[in-house]
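Reading the structure
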Amino acid sequence: MSPIDRLTARFAACRAAGRAALVGYLTAGDPDPADSEALLQSLASEVDILEIGMPFSDPMADGPVIQAASERSLAAGTHMDDVFRLAEAVRKAQPDIGIVLMGYANTPYAMGFERFAERARESGVDGVLLVDIPPEEGALCRDVLKSRGLHQIFLLSPTSTDRRIGLVAENGSGFIYYVSLTGITGAEMGEVGQVRESVERIRARTELPVCVGFGIKSPSQAEAVAAFADGVVVGSHFVAQVTAHAGDIGAAGAAIRTAASAMHKAMAHASVAGEVI
């Protein structure tokens, strides 16, 4: 299956099953490139879509948990070659999972967007989310990503105007990542009723799946969001398991699998209750 098809197929499969997709995030190279592969594989075994964070020295949208993960990764010498190698390893183990690279524009800009996109495609990546490239500036890499069959994923937030929602609907692909709060990763999720209203507002403008993230830390929160969103994004909660089990990669991997499984089960309960999608 070509890269541009896998994300669409994953959401279609989740819809057919009557549930939302679980999207899980970990930072590549945390705590080091070798151990990171085991942790990514642990998370990939339990999620529908894996977001692989590209470590960056100034992750302005991220809270202290993910910032620390980037710092550990960079201190361990992680390079983009490692990120692509890790993505390729997950792809070999999980042929049908969705894989998205998430990070900041400096990284592909320094590599050159052409080379970055080519390496991403070769590694089995399906989409790219560059936090600091808004849809107004999306043309910076739109054609390069599209020519490699890579989805360009954009963020929307509670402060997004109708104009920006329209731009994302017109220019984005794969899915829309709705940030449930005006803050950084790891903060408390916004009020569920307001998040739902925002998702419905976005859905009125697009047929793209809408995934909700930022601040989802518990199975009960995941279940609540799964009742109306196409996907639930969990990041800091999984990254926190790395520090909670520092020095024991086996225990960290087991904790990540357990946490992801609990999220999935809670989200499935939302579908059984007839509330999903």
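The written sequence of each chain sets the order in which its residues are numbered from 1. Confidence filtering applies because this is a predicted model: local features only for residues at pLDDT of at least 70, side-chain atom pairs given and counted only at 80 or more, and all residues used for totals across whole chains, interfaces and linings. Each side-chain value is derived from all of the structure's non-hydrogen atoms; neither hydrogens nor water enter the calculation.

Let us look at the environment of glycine 29. Mapped onto the elements, glycine 29 comes out in the loop between strand S1 (21–27) and helix H2 (33–44). Between the alpha carbons of glycine 29 and leucine 39 there is a distance of 9.7 Å; along the sequence they are ten residues apart. Whether two residues are in contact is decided by their heavy atoms: any pair within 4.5 Å suffices. Ignoring anything within four residues of it in the chain, the contact list for glycine 29 reads Ser36, Ser73, Thr78 and Leu86. Note on conventions: DSSP H or I runs of at least 4 residues are helices, E runs of at least 2 residues are strands, and numbering of each starts at the N terminus.

Take the sheet that holds strand S8 (residues 231–234) next. One key point about sheets: their strands pair by backbone hydrogen bonds, in either a parallel or an antiparallel sense. Paired strands, as defined in this entry, are two strands with at least two bridges between them according to DSSP. In spatial order, the strands read S1-S2-S3-S4-S5-S6-S7-S8; together these eight strands close into a barrel with parallel pairing. When the angles between neighbouring strand axes are averaged without regard to direction, this sheet yields 25°. Direction of pairing for strand S2 (residues 49–53) relative to strand S3 (residues 98–103): parallel, over a ladder of five bridges. Paired with leucine 50 across the bridge in S3 is isoleucine 99. What counts as an axis is a line fitted to C-alpha atoms, over the stretch in contact for a helix, and the angles between N-to-C directions run from 0 to 180 degrees. Contacts from helix H8 (residues 162–171) reach strand S5 (151–156) and strand S6 (176–179), with the element oriented near 165° to S5. This element, helix H11 (residues 236–244), spans S1 and S8 of the sheet and lies at about 40° to S1.

Membership of the largest hydrophobic core comes to 85 residues, with the highest contact counts inside it found for Leu50, Ile52 and Leu101. Of all the elements, helix H12 (residues 249–272) adds the most residues to this core, at seven residues. Those residues within four positions of leucine 101 in sequence are excluded, and the remaining contacts are Ile52, Met54, Val83, Phe84, Phe116, Ala120, Val125, Gly127, Val128 and Leu129. The definition of a nonpolar core used throughout is a set of buried Ala, Val, Leu, Ile, Met, Phe, Trp, Tyr and Cys residues joined through side-chain atoms within 4.5 Å. Summary of the burial criterion: residues with accessible area below 20% of their type's maximum are buried, those above 50% are exposed, and those between are partly exposed, where the area comes from a 1.4 Å probe applied to protein chains only.

Here the aromatic set is Phe, Tyr and Trp, taking the six-membered ring for Trp, and pairing holds for ring centres within 6.5 Å; pairs whose planes are under 30 degrees apart are stacked, those over 60 apart are edge-to-face, and all others are tilted. What the rule picks out here adds up to five aromatic pairs. Arranged with centres 5.4 Å apart and planes meeting at 25°, the rings of phenylalanine 56 and tyrosine 104 form a pair that is stacked. Highlighted residues: phenylalanine 56 in the loop between S2 and helix H3 (64–75) and tyrosine 104 in the loop between S3 and helix H5 (106–111), separated in sequence by 48 residues. This pair shows no difference in class: phenylalanine 56 is buried, exactly as tyrosine 104 is. Here the aromatic rings of tyrosine 177 and phenylalanine 214 are separated by 5.9 Å at their centres, their planes lie at 90°, and the arrangement is edge-to-face. In this pair, tyrosine 177 sits in strand S6 while phenylalanine 214 sits in the loop between strand S7 (210–213) and helix H10 (219–226), placing the two residues 37 residues apart along the sequence. The pair tyrosine 177 / phenylalanine 214 is uniform in exposure class, with both members buried.

Every second residue of S7 is oriented toward a common face, with Val210 and Val212 on one face and Cys211 and Gly213 on the other, all of them buried. In terms of strand pairing, S7 meets S8 through two bridges, oriented parallel. When the bridges of S8 are listed, valine 212 appears paired with valine 232. A clockwise course of the path from the first strand over the helix to the second, judged with the strands pointing away from the viewer, identifies a crossover as right-handed. In this fold, the crossover linking S7 to S8 by way of H10 has right-handed handedness.

End to end, H2 covers 16 Å across twelve residues, agreeing with the expected 16 Å (1.5 Å per residue, within 8%). Taken as a whole, H2 has its buried residues at Pro33, Ser36, Leu39, Leu40, Gln41, Ser42, Leu43 and Ala44. Polar contact criterion, stated in full: a pair of N or O atoms within 3.5 Å, where within protein one must be able to donate a hydrogen and the other to accept it, and residues adjacent in sequence count only if both atoms are side-chain atoms. Sitting at the amino-terminal end of H2 is aspartate 32, which places a side-chain oxygen 3.1 Å from the backbone nitrogen of alanine 34. A helix is expected to reach a length of 1.5 Å times the quantity of its residues less one.

This paragraph deals with the packing of H3 against H11. Two numbers describe how H3 lies on H11: the axes approach to 9 Å, and their chain directions differ by 50°. Comparing their axes, H11 and H3 come out oblique. The element H3 and its partner H11 pack so that their crossing is left-handed. Of the residues in H11, those touching H3 at Val65, Ile66, Ala69 and Arg72 are Ser236, Val239, Ala240, Val242 and Thr243. Asp, Glu, Lys and Arg are counted as charged, while Ala, Val, Leu, Ile, Met, Phe, Trp, Tyr, Cys and Pro are counted as nonpolar; the rest, among them Gly, fall into the polar class. Taken together, the residues of the contact of H3 with H11 break down into six nonpolar, two polar and one charged. Working rule for angles: under 35 degrees goes down as roughly parallel, over 145 as roughly antiparallel, 65 to 115 as roughly perpendicular, anything else as oblique. Crossing chirality is assigned from the near helix's rotation relative to the far helix, an anticlockwise turn below a right angle marking it left-handed and a clockwise turn marking it right-handed.

Attention now moves to the confidence of the model for the chain. Mean pLDDT over the chain stands at 91; residues scoring 70 or higher make up 91%. Residue-level confidence of the predictor, termed pLDDT, takes values from 0 up to 100. The low-confidence segment residues 183–187, where pLDDT is below 50, has 20 contacts with residues more than four positions distant or belonging to other chains. Every residue in residues 272–277 scores below 50 in pLDDT, and together they form 17 contacts with partners more than four places removed in sequence or on other chains.

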